[in-house]
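A structural walkthrough
Listed below, chain by chain, are the residues.
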Amino acid sequence: MKKLINAPDEVVADALLGMAAAHPSLSVNVADRYITRAGGPTPGKVSLVSGGGSGHEPLHGGYVGYGMLDAACPGEVFTSPVPDQILAATKAVDGGAGVLHIVKNYTGDVLNFQMAAELAGDDGVRVEPVLVNDDVAVEDSTWTAGRRGTGATVLVEKIVGAAAERGIDLAGAVALGREVNDRSRSFGVALTPCTVPAAGKPGFELADDEIELGVGIHGEPGRARGRLVPAKEVAGTALAAIHADAPLSGDVLVMVNGLGGTPLIELYVVFAAVAEWLSGHNVTIARSLVGNYITSLEMAGCSVTVCRLTPQLADLWDAPVETPALRWGR
Amino acid sequence: MDVTRFRAWVAETARLVAANADRLTRLDAAIGDGDHGINLNRGFQAAAAMLEETAPATPGAVLAGVGRALISKTGGASGPLYGTGFRAAAKTLGEDPDVTGVQLGAALAAAVAGIRQLGAAGPGDKTMVDALEPAVHAYQVALDAGADLAGAARAAAEAAVRGLADTVPMQARKGRASYLGPRTVGHEDPGAASAALILQALATVSAGEAG
C-alpha cells in the first residue's frame, strides 16, 4: 500500500482536520465526525444532511455550503456513519423547518440513518429521508438489497439544496428529491481496484486487460467482467444500459464522473463518446459536469449519470451554489 | 449465568473477533466490501472497553451496553444489526442477577427476531441469520432434551458452525453481497462467520458452569 497518510486508523480524522484548515466556510467537528456550514442553521430553512462512508470525496463534506448541504457525516472509509454522529449533525443544523436525510441505498447507510432519524424524532426534530438508488447495474428485485445510490446523489444534493434556499418545505423537498432520483440513472466502470487504508490490500482484482462493468462506488462488482475496450464502447455500454432502463429523450444533464484514479483527459474522451451517442439518439445535453465528484479512493474508471431534466430542475441546477467542490453563480 | 460470566462472554467475543478479524475481512472482500472484520473488531473492542469502564451490575445491563456500543462504534450494517440483537436480548433479561438456561434461550430468540426484523432477512438469504437461526433452534432442542445451559450453548455453537457451512452454496439476497448475485455462491457468508464466533464465545465461557 502506497498512500499519503500518517496512519491507517487516522485517515478520516486527519482529512477532517485538513477540511477545517482549508475551508473557513465550514465548521468541522472532528471528534463527533460531522461537518456543517460555519454560520449555524438558517432559521426557517429545511436543512439537508447527507453522509456515508469516507473515500468518496468530495462527497459529502465537499458539498456542504450555500445551495447544497447543511451537514455531512463521514463514516470510516467505505463504512456507513453511525447513528450518534448523524443525530448530532441533524440536531446541529435543524432550523425549525425539519431535516432532510439524503441516503444512498446501501444496507448500512439505510439502517444507520433510520436509527438516527428515530432518535431525532424522539428529540422533537422532524426528519424525512430521501433514498437515492440510481445505479442501473443492479437489478431492483427481491433478490438484491435494491439499486445502489451513486452519481445521482450529487444531483439530488444540488437541486434540493437550491430549492431549500428558496424556501421549499420538508414535504416538497422529499418530493423533489424523489423526482430527481427517479429521473436519474447511472452506470459505472472500473479499470483498477482500490485499497481501503485499514485493509491495506485491494478490495478485488482485475487483470491488466479486464474491466468491471457496473461497478459500485466501493468497488462492489456489477454485471460482469469484460475486456478493456475503447472508450466509445464503454460509453455505449453505459448509455445503452441506462437507456434500456429509462428511455432517454429531450434535455438531459450528463455527469461523467471520475472514480479517483482517472485523469480528466480520459473523462473528456468518455464525454465526447457520450455526446456522440446521445446526439445519435436525439437526446440534448442541456447541462454537463465532468470531473471527480463521487469517487472510490484511487480506483481508475468512471461513472456516467444522466438526469432527464425539466425546466424547473434545470433552473434549480443553475441556481447559485457555494461549496468547496461545486460553486457557481454567487 | 451471572454478570461476571456475561462480561466474560463479551470479552471472549472481542478476543475471538480480533483474532479472526483478517479472516472476516477476507470473507467480506470475496463477496462484499471487505471491512467486516475491521468494523466488528472496532465495535467489540469498544464494547469490551465500555464494560471495563462502567461495570454494569446485571446481565441485562451488560447486553444493553454492548448493544449501544456496537450501534455507536461499528458502522456498516453489522453495527445496527448486532446492536439491535444484543439490546433485544437485554430486554428479555430485565434486572435478573442470574440467568437460567430457559431465560438465555428466550434472550437468544429475541435477539434473532430483532435482527431479522431490522434486516428484513430470513433463512437462506446468506446472512448472519443463517448461523443464528439454527443456533437458537439447536439451543432450544438441547434444553428440551435435558441439557443444561452450557450444553445448550455448546449445541448452539455447533449449529452455528454448520449454519455457516450451509451458507457456502447459497446466493446472497441481502446487503452488498446481493449485488454479486450468483458470484456469491461458493463462499462463506462473513456475517454468519462472525455470528458463529459470538456463539462459540458463549459456549466457551458457559462451559465452566453447571446450568
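Structure's up top.
Here the structure is a predicted model, which is why all the values come from computation and not from measurement.

A word on the overall build of chain A. Counting its secondary structure elements, chain A contains eight helices and 14 strands. For chain A, the C-alpha radius of gyration of 19 Å lies close to 20 Å, the compact-globule estimate for 330 residues. Along the first, second and third principal axes, the C-alpha atoms of chain A reach 50 × 50 × 40 Å. When each of the 330 residues of chain A is scored for burial, the buried share is 56%.

So, on to the overall build of chain B. A count of helices and strands for chain B gives nine helices and zero strands. Shown N-terminal to C-terminal, the secondary structure of chain B runs as helices and strands in the order α-α-α-α-α-α-α-α-α. Its C-alpha radius of gyration of 16 Å places chain B within 12% of the 17 Å reference for a compact globule of 211 residues. Taking the principal axes of the C-alpha coordinates as reference, chain B spans close to 45 × 40 × 30 Å. Considering chain B as a whole, with its 211 residues, one finds that 65% of them fall into the buried category. Pairs at least 24 residues apart make up 66% of the contacts formed inside chain B by residues separated by at least 6 positions.

The next thing to look at is the pairing of strand 4 (residues 71-77) of chain A. All names here are of chain A. Taken across its seven residues, strand 4 has seven buried, putting it largely inside the fold. Sheet topology places strand 2 (residues 34-37) next to strand 4; two bridges connect them, and they run antiparallel. Its bridge partner being in strand 4, Ile-35 is matched across the sheet by Ala-72. Bridge analysis of strand 3 (residues 47-54) against strand 4 gives five bridges, and the strand direction is parallel. Note on strand 4: the bridge partner recorded for Gly-51 is Cys-73.

The next point concerns the nonpolar core. The nonpolar side chains of a soluble globular protein tend to be buried with one another. Ile159(A), Tyr139(B) and Ala156(B) are the most contacted members of the largest nonpolar core, which totals 182 residues. When residues in this core are grouped by element, the largest group, eleven residues, is from helix 9 (residues 190-206) of chain B. The contact partners of Ala156(B), leaving out residues within four places of it in the chain, are Ala135(B), Val136(B), Ala138(B), Tyr139(B) and Leu199(B).

Each partner contributes residues to the interface: chain B has 25 residues there, and chain A has 28 residues. No other element matches helix 4 (residues 59-73) of chain B, which puts three residues into the side of chain B that touches chain A. Its residues assigned to classes, the side of chain B that touches chain A comprises eight nonpolar, ten polar and seven charged.

As a further point, take helix 4 (residues 152-165) of chain A. Residues and elements named next belong to chain A. In this model helix 4 runs 20 Å from its N-terminal to its C-terminal C-alpha over 14 residues, within 8% of the 20 Å that 1.5 Å per residue would give. Within helix 4, 13 of the 14 residues are buried, leaving the element largely enclosed by the surrounding structure. In the stretch just after helix 4, Gly-167 is the one whose phi turns positive, near 100 degrees.

With that settled, consider the sheet that holds strand 1 (residues 26-29) of chain A. Residues and elements named next belong to chain A. One open sheet holds the six strands; their spatial order is 1-2-4-3-5-6, and the pairing between them is mixed. One side of each edge strand has no neighbouring strand; the edge strands of this open sheet are strand 1 and strand 6 (127-132). Neighbour-to-neighbour, the strand axes of this sheet turn through a mean angle of 20 degrees, independent of strand direction. Pairing between strand 1 and strand 2: four bridges, direction antiparallel. Each residue of the ladder has a partner; that of Asn-29, found in strand 2, is Tyr-34. Strand contacts of helix 1 (residues 11-22): strand 1, strand 2, strand 3 and strand 4, with the helix running at about 155 degrees to strand 1, the strand carrying the most contacts.

Right, let's talk about the environment of His243(A) for a bit. All names here are of chain A. Residue position: His-243 is located in helix 6 (residues 231-245). According to the C-beta neighbour criterion, His-243 is partly exposed, with 18 such atoms within 10 Å. Sequence spacing of His-243 and His-281 is 38 residues, and the spatial spacing of their C-alpha atoms is 9.8 Å. Setting aside its immediate chain neighbours within four residues, His-243 contacts Leu-248 and His-281.

It is worth spelling out the packing of helix 6 of chain A against helix 7 (residues 264-280) of chain A at this point. All names here are of chain A. At a closest axis distance of 8 Å, the pairing of helix 6 and helix 7 adopts a crossing angle of 55 degrees. Here helix 6 lies oblique to helix 7, going by the angle between them. Handedness of the crossing formed by helix 6 with helix 7: right-handed. In this structure, helix 6 uses Ala-231, Lys-232, Val-234, Ala-235, Gly-236 and Leu-239 to contact helix 7, whose residues at the interface are Val-269, Val-270, Ala-273, Val-274 and Trp-277. Broken down by class, the residue content of the contact of helix 6 with helix 7 amounts to nine nonpolar, one polar and one charged.

The next point concerns the sheet that holds strand 7 (residues 184-190) of chain A. Within a sheet, each strand pairs with its neighbour through backbone hydrogen bonds, oriented either parallel or antiparallel. Residue and element names in this part refer to chain A. Pairing within the open sheet is mixed, and its six strands lie in the order 9-8-7-12-10-11. Whereas interior strands pair on both sides, the edge strands pair on one side only; in this sheet they are strand 9 (224-227) and strand 11 (283-291). The mean angle between the axes of side-by-side strands here comes to 20 degrees, regardless of whether they run parallel or antiparallel. Lying over the sheet, helix 6 contacts strand 7, strand 8 (210-213) and strand 12 (301-308), oriented at roughly 150 degrees with respect to strand 7.

The rules behind each value
- Residues numbered from 1 in each chain as written.
- Chains lettered and ligands numbered in written order.
- Predicted model: local features only at pLDDT ≥ 70, side-chain atom pairs only at ≥ 80, totals over all residues.
- Helix = DSSP H or I, 4+ residues; strand = E, 2+ residues; numbered from the N terminus.
- Rg over C-alpha atoms; globule rule 2.2 N^0.38 Å.
- Buried ≥ 20, exposed ≤ 12 C-beta atoms within 10 Å, placed from the backbone.
- Contact = placed C-beta atoms within 7 Å.
- Pairing = 2+ DSSP bridges.
- Core = buried A, V, L, I, M, F, W, Y, C linked by C-beta atoms within 7 Å.
- Nonpolar A, V, L, I, M, F, W, Y, C, P; charged D, E, K, R; others polar.
- Expected span 1.5 Å × (residues − 1).
- Axes fitted to C-alpha atoms, helices over the stretch in contact; angles between N-to-C directions.
- Parallel < 35°, antiparallel > 145°, perpendicular 65-115°, else oblique.
- Left-handed = near helix turned anticlockwise from the far one by under 90°.

On their own, these measurements won't tell you what the molecule is for.
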